[in-house]
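Examining the three-dimensional arrangement
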Amino acid sequence: MEKIIRTERLLLRPLVQSDAEDVFEWVSDPVVNRYLPYSLYKNIPQVEAWIASLKDEENVFAFCLKDTGKVIGSGDVSQNRTDSAYGLGYNLNRAYWGKGYATEAAKAMIQWAYTSLGVRDFTAQHANANPASGNVIRKCGFQFDHYGQCSRFDGSETFEASCYTLHLL
Ligand SMILES: CC(C)(COP(=O)(O)OP(=O)(O)OC[C@H]1O[C@@H](n2cnc3c(N)ncnc32)[C@H](O)[C@@H]1OP(=O)(O)O)[C@@H](O)C(=O)NCCC(=O)NCCS
């Protein structure tokens, strides 16, 4: 199945090793990382190892600017561990925030999962202290479902979170 998505300004495709330098710009940024589960990356080889570890079914996409090819963010739409719904995630290089790119990419990933995988149920969540992500989620059509928590993988912090669902017919 083709994993290439074109939007007005972006091309979404699987990450490759040569993206590591672009990816490092945001995975090493503590502001981008503030409410994310993973730890800060310290060097490019760590990013290369992450890219090499990605599995096809994780459906991780690089968000590339059509104009320049630069990778400005990444996201994923993959099946949740605990239910059949697909969870949506995204993060973006800080230099490109506030221009609608995350919403453009998130909508495109949902549409791709609907069309290519037949997914009808989606989930998304954001830390309450991270309202920009809440805006992206709502602009994709998600409805608030319940409050919850999200924790960093290393257990160092837990955030109060808002959890959303989207059901497409
Ligand atoms: C969340 C994130 C992906 C948003 O990317 P983006 O491309 O700037 O998002 P968009 O421009 O598509 O939309 C963001 C919306 O939030 C709004 N917004 C931005 N910063 C905000 C803030 N601090 N408080 C409230 N709203 C904010 C924007 O105005 C926009 O809404 P609008 O279109 O109604 O004006 C980006 O901030 C990011 O990478 N954050 C760090 C990683 C992260 O939090 N990922 C999600 C984890 S759940």
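The following paragraphs examine the structure supplied in this document. The shown structure was predicted, so the numbers you read here are calculated from the model rather than taken from an experiment. (Residues numbered from 1 in each chain as written. Predicted model: local features only at pLDDT ≥ 70, side-chain atom pairs only at ≥ 80, totals over all residues. Heavy atoms only, no water.)

**Details of the side chain of aspartate 19**
- Relative to the elements of secondary structure, aspartate 19 occurs in the loop between β2 (10-14) and α1 (20-27).
- A residue is classified by how much of its surface remains accessible, and aspartate 19, at 5% relative accessible area, is buried.
- Not counting residues within four places of it along the chain, the set of residues in contact with aspartate 19 comprises Arg13, Pro14, Ala62 and Val71. (Helix = DSSP H or I, 4+ residues; strand = E, 2+ residues; numbered from the N terminus. Buried < 20%, exposed > 50% of the residue type's maximum accessible area, 1.4 Å probe, protein only. Contact = heavy atoms within 4.5 Å.)

**As for the packing of aromatic side chains**
- All chains considered together, the criterion is met by 5 aromatic pairs.
- Where phenylalanine 61 meets tryptophan 112, the ring centres are 5.2 Å apart and the plane angle is 80°; that geometry is what we call edge-to-face. Here the residue phenylalanine 61 occupies a position in strand β3 (residues 60-65), and tryptophan 112 occupies one in helix α4 (residues 101-117), the gap between them amounting to 51 residues. Of the two residues examined, phenylalanine 61 and tryptophan 112, each falls in the buried class.
- Consider the rings of phenylalanine 144 and tyrosine 147, whose centres lie 4.8 Å apart with planes at 55°: the pair is tilted.
- Accessibility expressed as a relative area gives 39% for phenylalanine 144, which makes it partly exposed.
- Each member of the aromatic cluster is reached from another via a ring pair, and the members are Phe144, Tyr147 and Tyr164.
- The ring of tyrosine 114 carries arginine 120 above its face, with NZ or CZ at 3.9 Å from the centroid. (Phe/Tyr/Trp six-rings, centres within 6.5 Å; stacked < 30°, edge-to-face > 60°. Lys NZ or Arg CZ within 6 Å of the ring centre and 35° of its normal.)

Read these as spatial facts, not as claims about activity.
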